[in-house]
Amino acid sequence: MDDLALIFIYGNKNKLTSINYAALEKYSRNTKIYTVNQHDFANYYYDFLDYVHVSQWDRNDIWHWGLDNLFIYWYLSNPDKRAKNYILIEDDTHINQDIFDFLHIDKTLLDNHRGITSAYTIFAKTDIGYWWFTSQGDLPVIRNIYGYDKFTSCSPVCSSMISDDAVNAVIDHIKELPSSNKLYTETKFGTILNYLGFNCSSFHNPNLE
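Residues numbered from 1 in each chain as written. Predicted model: local features only at pLDDT ≥ 70, side-chain atom pairs only at ≥ 80, totals over all residues. Heavy atoms only, no water.

Participant: Which residues make up the overall build of the protein chain, and what values go with them?
Facilitator: When you go through the protein chain residue by residue, the secondary structure sums to eight helices and eight strands. Over its C-alpha trace the protein chain gives a radius of gyration of 16 Å, about what one expects of a compact globule, namely 17 Å for 209 residues. Counting only residues that meet the buried cut, the protein chain has 53% of its 209 residues in that class. Taking as baseline every contact in the protein chain between residues at least 6 positions apart, the subset at least 24 positions apart corresponds to 78%. (Helix = DSSP H or I, 4+ residues; strand = E, 2+ residues; numbered from the N terminus. Rg over C-alpha atoms; globule rule 2.2 N^0.38 Å. Buried < 20%, exposed > 50% of the residue type's maximum accessible area, 1.4 Å probe, protein only. Contact = heavy atoms within 4.5 Å.)

Participant: Explain the layout of surface pockets residue by residue, including any values.
Facilitator: As a volume, the largest pocket reaches approximately 260 Å³. Every residue lining the largest pocket is counted, 15 residues in all, and those nearest its centre are Thr 93, Ile 95, Phe 102, Leu 103 and Ser 159. Elements with a contribution of two residues or more to the lining of the largest pocket: strand E3 (83-90) and helix H3 (99-103). With three residues, the top contributor of residues to the lining of the largest pocket is H3. (1 Å grid on protein atoms, 1.4 Å probe; cavity = no way out; pocket = protein on both sides within 12 Å on 5 of 7 lines; lining within 4 Å. Points joined across faces, edges and corners; volume = space filled by probe spheres on them.)

Participant: Describe the sheet that holds strand E2 (residues 32-36), listing the residues and the values that go with them.
Facilitator: Spatially, six strands are ordered E2-E1-E3-E7-E4-E8 in an open sheet, and the strand pairing comes out mixed. Bordering the open sheet on either side are E2 and strand E8 (199-202), each of which pairs with just one other strand. Averaged over all pairs of adjacent strands, the angle between their axes in this sheet comes to 20°, without regard to strand direction. Where strand E1 (residues 2-9) and E2 come together, five bridges link them in parallel fashion. From the neighbouring strand, Ile 7 faces E2, where its bridge partner is Tyr 34. Here helix H1 (residues 15-26) sits on the sheet in contact with E1, E2 and E3, set at roughly 170° to E1. Contacts from helix H7 (residues 164-176) reach E3, strand E4 (115-118) and strand E7 (161-163), with the element oriented near 80° to E7. (Pairing = 2+ DSSP bridges. Axes fitted to C-alpha atoms, helices over the stretch in contact; angles between N-to-C directions.)

Participant: I'd love a proper account of the packing of aromatic side chains, names of residues and values included.
Facilitator: Here the distance between the centres and the angle between the planes together describe a pair of aromatic rings. One pass over the structure, following the stated rule, counts 14 aromatic pairs. The interplanar angle of 70° and the centroid separation of 4.9 Å between the aromatic rings of Tyr 46 and Tyr 73 together place this pair among those described as edge-to-face. Within this pair, whereas Tyr 46 is found in the loop between E2 and helix H2 (59-77), its partner Tyr 73 is found in helix H2, the two being separated by 27 residues in sequence. This pair shows no difference in class: Tyr 46 is buried, exactly as Tyr 73 is. Residues Tyr 148 and Phe 151 carry aromatic rings whose centres are separated by 6.0 Å and whose planes lie at 45° to one another, so their mutual orientation is tilted. Across the ring face of Tyr 75, the terminal group of Arg 82 is positioned such that the distance to the ring centre comes to 3.5 Å. Above the plane of the ring of Phe 198 lies Arg 114, whose end atom (NZ or CZ) is 4.1 Å from the centre. (Phe/Tyr/Trp six-rings, centres within 6.5 Å; stacked < 30°, edge-to-face > 60°. Lys NZ or Arg CZ within 6 Å of the ring centre and 35° of its normal.)

Dropping the structure here:
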C-alpha cells in the first residue's frame, strides 16, 4: 500500500483544470494522482450518500456539502486503489512548489497519521471560527448527536489529508447516521472523526501561518 495518494476533484475539463493538474504532477514527487468527477460513476450508486445518483447533483450540492462525497464515491468504487493517506485537491488550486515541503509531510507523519489534518482545523470549543462554521452550531445533529465540544472544521477541504482507516470510519458512520452527511463539506469529516476519537489537527507549517 502506498503511503499517499492525491485525489484531484474537478468539475469541468478546461484549460485551467489542465494547467492546475499539470502543476500538481510537477510538484508531487511522482505520487499517484487520481482524478474524480461527478460523472465517473455510471455503474455505481450509494444510496446512503444521497437520494439521487451523484451525476444528478447540481453544482451547489457538490461544493456545499458533497465535495467530500465525491471522494467517498471514488473510494467505494475503486477498492483496488488504496493508500495509507489521501490528500484532497480542488481543481481551482494552482501548486507552484513541492507539496511535501510546503506541508512539511515526511515519512514519519505518513506512517503515524490517523485521522485528518488540514491547513486550519477549527474547534468550536476553543475558536470562534468563521461565520459559516459558527452558524452550524445550532443544527440538530450538532446539538443532539455530536455536542458542541466535538464540532470541528477542517478548512479548506483542499489539501486536507485523511488516513485510510479514518475514511472507512466516516463511511460506516454515515451509513448509521445519514443526517451527518448533510453537514457542510468543511465540517463533516472533522466533526465525525473528532466524535469517533480520531486525531484532528492542522499541518505544522510556517508557510500556512
